[in-house]
Amino acid sequence: MEKSIINIIKGKYPLSSHTSQPSPLGWEEKNKFSDQSLISLIKNGDKEAFNILVKRYEKKVLNILYLQLGNIPDLEDLAQEVFIKVFKNLNRFRGEAKFSTWIYRITINVAHDYKRKFKEGYSLDEPIGEDEEDTFEKVISSEEEDPLSIVEKEDIKKKLHKLIKELPKEYQEVLILREYEGLSYEEISEILRCPIGTVESRLYRARKELKEKLLKEVGNYAL
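What counts and how
Residues numbered from 1 in each chain as written. Predicted model: local features only at pLDDT ≥ 70, side-chain atom pairs only at ≥ 80, totals over all residues. Heavy atoms only, no water. Helix = DSSP H or I, 4+ residues; strand = E, 2+ residues; numbered from the N terminus. Buried < 20%, exposed > 50% of the residue type's maximum accessible area, 1.4 Å probe, protein only. Contact = heavy atoms within 4.5 Å. Core = buried A, V, L, I, M, F, W, Y, C linked by side-chain atoms within 4.5 Å. Phe/Tyr/Trp six-rings, centres within 6.5 Å; stacked < 30°, edge-to-face > 60°. Axes fitted to C-alpha atoms, helices over the stretch in contact; angles between N-to-C directions. Parallel < 35°, antiparallel > 145°, perpendicular 65-115°, else oblique. Left-handed = near helix turned anticlockwise from the far one by under 90°. Nonpolar A, V, L, I, M, F, W, Y, C, P; charged D, E, K, R; others polar. Expected span 1.5 Å × (residues − 1). Patch = residues over 30% accessible without salt bridge, like charges linked within 9 Å, V, L, I, M, F, W, Y side chains within 5 Å. Areas by Shrake-Rupley, 256 points an atom, 1.4 Å probe, with all protein chains shown as cover. Salt bridge = Lys/Arg side-chain N within 4 Å of Asp/Glu carboxyl O. Lys, Arg positive; Asp, Glu negative; His and termini not counted. Charge placed at Lys NZ, Arg CZ, Asp CG, Glu CD.

Q: Explain the overall build of the protein to me, please; I cannot follow it from the model alone.
A: A count of helices and strands for the protein gives 11 helices and zero strands. Start at the N end of the protein and walk to the C end: the helices and strands fall as α-α-α-α-α-α-α-α-α-α-α. In the protein, which comprises 223 residues, the share counted as buried stands at 45%. Sequence separation of 24 or more characterises 70% of the internal contacts of the protein that already satisfy a separation of 6 or more.

Q: Explain the nonpolar core to me, please; I cannot follow it from the model alone.
A: Grouped burial of nonpolar side chains is what soluble globular proteins tend to show. Leu65, Val86, Phe99, Ile103, Leu177 and Leu192 are the most contacted members of the largest nonpolar core, which totals 54 residues. Broken down by secondary-structure element, the contributors of at least two residues to this core are helix 3 (35–43), helix 4 (47–69), helix 5 (75–88), helix 6 (99–116), helix 8 (153–166), helix 9 (169–180), helix 10 (185–192) and helix 11 (196–222). Here the element with the most residues in this core is helix 4; it accounts for 11 residues. The residues contacting Phe99, other than those within four sequence positions of it, are Asp35, Ile39, Leu53, Tyr57, Val86, Leu90 and Phe93.

Q: Mind showing me how you'd approach the packing of aromatic side chains here?
A: What describes a pair of aromatic rings is the distance from one ring centre to the other and the angle between the planes of the rings. Under the defined criterion, the tally for this structure stands at five aromatic pairs. With a centroid separation of 5.3 Å and an interplanar angle of 70 degrees, the aromatic rings of Tyr57 and Phe99 are classed as edge-to-face. Remark: Phe99 occurs in helix 6 and Tyr57 occurs in helix 4; sequence separation between them is 42 residues. Here the two residues Tyr57 and Phe99 agree in accessibility, since each one is buried.

Q: Can you help me understand the packing of helix 9 against helix 10 in this one?
A: When two helices pack together, their arrangement is given by the angle between the helix axes and by the axis-to-axis distance. The geometry of helix 9 relative to helix 10 is characterised by a closest axis approach of 10 Å and an angle of 140 degrees between their N-to-C directions. In terms of axis orientation, helix 9 runs oblique to helix 10. The interaxial crossing formed by helix 9 with helix 10 has right-handed handedness. Packed against helix 9, whose contacting residues are Glu173, Val174, Leu177 and Arg178, the element helix 10 presents Tyr185, Ile188, Ile191 and Leu192 at the interface. For the contact of helix 9 with helix 10, the per-class residue count stands at six nonpolar, no polar and two charged.

Q: Just to check I follow, could you spell out unusual backbone geometry for this structure?
A: Comment: phi is negative for the bulk of residues other than glycine, and the bulk of peptide bonds are trans. Located in the positive-phi region is Arg193, a residue other than glycine, with phi close to 55 degrees. Within the element layout of this structure, Arg193 appears in the loop between helix 10 and helix 11.

Q: Just to check I follow, could you spell out helix 9 for this structure?
A: Counted at 1.5 Å a residue, the expected span for helix 9 with its 12 residues is 16 Å, and the 15 Å between its end C-alpha atoms agrees. Along helix 9, the residues that are buried comprise Glu170, Tyr171, Gln172, Glu173, Val174, Leu175, Ile176 and Leu177. The positive-phi residue at the C-terminal boundary of helix 9 is Gly182, with phi of around 70 degrees.

Q: Mind showing me how you'd approach a negative patch on the surface here?
A: A contiguous patch of negative charge, built from Asp74, Glu76, Asp77 and Glu81, is present on the exposed surface. Inspection of the secondary structure puts Glu76 in helix 5.

Q: Explain the pattern of salt bridges to me, please; I cannot follow it from the model alone.
A: Proximity of charged atoms lets side chains of opposite charge pair with each other. With the rule as written, the count across this model stands at 12 salt bridges. Residue Asp113 pairs with Arg116 through a salt bridge whose shortest N-O separation is 2.4 Å. One end of the pair, Asp113, and the other, Arg116, are both in helix 6, three residues apart, so they sit about a helical turn from each other. With a relative accessible area of 35%, Asp113 lands in the partly exposed category.

Q: Even after reading the chapter, I still don't get the packing of helix 6 against helix 9, so can you show me in this structure?
A: Between helix 6 and helix 9, the shortest axis-to-axis distance is 12 Å and the interhelical angle comes to 150 degrees. Classified by the interaxial angle, the pair formed by helix 6 and helix 9 is roughly antiparallel. Where helix 6 crosses over helix 9, the two elements pack in a sense that is right-handed. Packed against helix 6, whose contacting residues are Tyr104, Ile108, His112 and Lys115, the element helix 9 presents Lys169, Gln172, Glu173 and Leu177 at the interface. Looking at the contact of helix 6 with helix 9 residue by residue, the class counts come to three nonpolar, two polar and three charged.

This is the structure in structure tokens:
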């Protein structure tokens, strides 16, 4: 995918507003660089550095979009839109937050914009006042009923993807960022620009609702 993104950008936007010498380093050397180091090269006109950055994050971006939107025909186009937004706004990135935080925020915003074309959003910030320390696996399964023992692992993955897409967007976001991307509450709070307590509340409710949906789905499957 990164080649098509590069071609789109080369045709529309200059990589740099000033002339610079290309980096003498090769792909393998640059690929070991931190995100911030790659961004410095990109700002100096290094096309290959941007290519590496796209390669580094394309699967994560596609995963977030897929889990929120499903396997829609526009998925790769939306991923390209994310990276074009990244490229066009890279000069504004000052490194005050991690680059991963910044690109996740852009990805979620692109997904929001797409969903707004089809339905209204939700607002679910109500506090729950409950501590929640269970892992995703513990919440999905239970001592009374274990859906993972009823259906095959791959089938459960497909059902989870389907059910996650049915959750309100606030629930989808925290679930995807926490359980699929492995981000901390602090990172999710920064990406979504909401208090950590709100992140915890949404995650608790997301897991609870997903478990209920999954148990219902498994019950229907068993029938």
